[in-house]
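Tertiary structure, described
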Amino acid sequence: MNKIIFLGTGAAASVTRQMTSLLFVTDKVNFLIDCGDGMGTVRNIIKSGIDINSISDIFLTHRHADHIIGLTHLLYIRLIKNEKAKVRVLGPKQTLGIARKICFETHDYLKIHKHRIAFIEIKEHEKVKLSYSVLIEPIKVKGPSKYPLITYGYQMLINNKKVTFSADMVPSLNFEKKAMNSDILIHECFCLNKEKEGVSGFGHTSAREAGETARKCNVKHLILTHFRDEPDVYANDLVNEARMYFSGKIRAAFDLMKIDISQ
Ligand SMILES: [Zn+2]
């Protein structure tokens, strides 16, 4: 069964959810998008019953701590469990430079074993083939207007199912074009629409905007994630607002939620 396991569904200030990380489990290969929560990401991989040795590739969306700060711990556990293992970390150049620095300047084992970790820059439209049935493509999305931040969303084609992940972004035509007709759209959803009003340089999507994007893109299933606040009541409020703009299947993700991609 091909599936997505939501290892972390919280944004940077969430105190009950793990920071962002998505685990894709397929027939041939397992990979991560983002690795945001210290050892928490590793613990949730173990809790989900997936062998950490099976994870070959880690795709990063952008340089923010709630998306990359668990990388050091994950790589360490991954590499000590199998002395022959090699791992690839892929993403935008800016993010890789920072991730590389954190890994090698804060962790001596990783520095000594740096030849086993490949940091690989990927560019927009550059498809990465992980197996004959798993293809991943970065999508340049719009981050906050205040800071220079190159951010990638990702689109996965897994056994002909199209899964699109927004990362942290404001709505954009570029993303909508790529997300068109997705089987699953995993979209960050930071707050209610009224809460974003007046926030300068806001680099996130409101529930209303996520719903509107799902409708415009004619997706089959919208999954909201990356919640700023932790209580499920708040996540439900966000789902209810998005539902006013999108009539398809919609749900709020929670840590360790599993979604079958084969259906
Ligand atoms: Zn974030």
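Let me sum up the structure you'll find in this document.

What counts and how
Residues numbered from 1 in each chain as written. Predicted model: local features only at pLDDT ≥ 70, side-chain atom pairs only at ≥ 80, totals over all residues. Heavy atoms only, no water. Donors = N, O, S within 2.8 Å, 3.2 Å for Na, K, Ca; no water. Tetrahedral: all angles 85-135°; square planar, octahedral: opposite > 155°, others 65-115°. Helix = DSSP H or I, 4+ residues; strand = E, 2+ residues; numbered from the N terminus. Buried < 20%, exposed > 50% of the residue type's maximum accessible area, 1.4 Å probe, protein only. Phe/Tyr/Trp six-rings, centres within 6.5 Å; stacked < 30°, edge-to-face > 60°. Pairing = 2+ DSSP bridges. Axes fitted to C-alpha atoms, helices over the stretch in contact; angles between N-to-C directions.

Looking at the zinc ion, the protein donor atoms are Asp 66 (OD), His 67 (NE2), Asp 168 (OD) and His 226 (NE2), and they sit 2.2 to 2.3 Å from it. With four donor atoms in place around the zinc ion and angles of 89 to 168° between them, the coordination shape is irregular. In primary sequence terms, the donor set of the zinc ion follows D-H-x100-D-x57-H. A residue pair is termed long-range when its members are at least 10 positions apart, and His 67 in helix α2 (residues 65–68) and His 226 in the loop between β12 (221–225) and α9 (232–243) qualify at 159 residues. Look at His 67 and you get buried, because its relative accessible area is 0%. Taking the relative accessible area as the measure of exposure, His 226 reaches 3% and is therefore buried.

Right, let's talk about the packing of aromatic side chains for a bit. This model, assessed by the stated rule, comprises six aromatic pairs. Ring geometry for Phe 59 and Tyr 154: centres 5.5 Å apart, planes at 70°, overall edge-to-face. Residue Phe 59 is located in strand β4 (residues 55–59), and its partner Tyr 154 is located in strand β9 (residues 151–158); the two are separated by 95 residues in the primary sequence. The burial state of Phe 59 is the same as that of Tyr 154; both residues are buried. Between Tyr 76 and Tyr 109 the ring centres are 5.2 Å apart and the planes differ by 70°, which places this aromatic pair in the edge-to-face class. One end of the pair, Tyr 76, is in helix α3 (residues 71–81); the other, Tyr 109, is in helix α5 (residues 108–112), and 33 residues separate them in sequence.

Next up on the list: the sheet that holds strand β10 (residues 161–165). The seven strands lie next to each other as β7-β8-β9-β10-β11-β12-β13, forming an open sheet whose pairing is mixed. Strand pairing shows two members of the sheet lacking a second neighbour, β7 (128–131) and β13 (249–252), which therefore form its edges. Between one strand axis and the next, the sheet turns through 20° on average, direction left out of account. Relative to strand β11 (residues 184–188), β10 is paired through three bridges, and the arrangement is parallel.

For β12, the buried fraction is high: five of the five residues fall into the buried class. Examined bridge by bridge, β11 and β12 share five bridges and lie parallel to one another. Residue pairing in the sheet places Ile 184 in a bridge with His 221 of β12. One ladder, built from four bridges, connects β12 with β13; its direction is parallel. Bridge pairing links Leu 224 to Ala 252 in β13.

As far as function goes, none of this settles anything; it's purely spatial.
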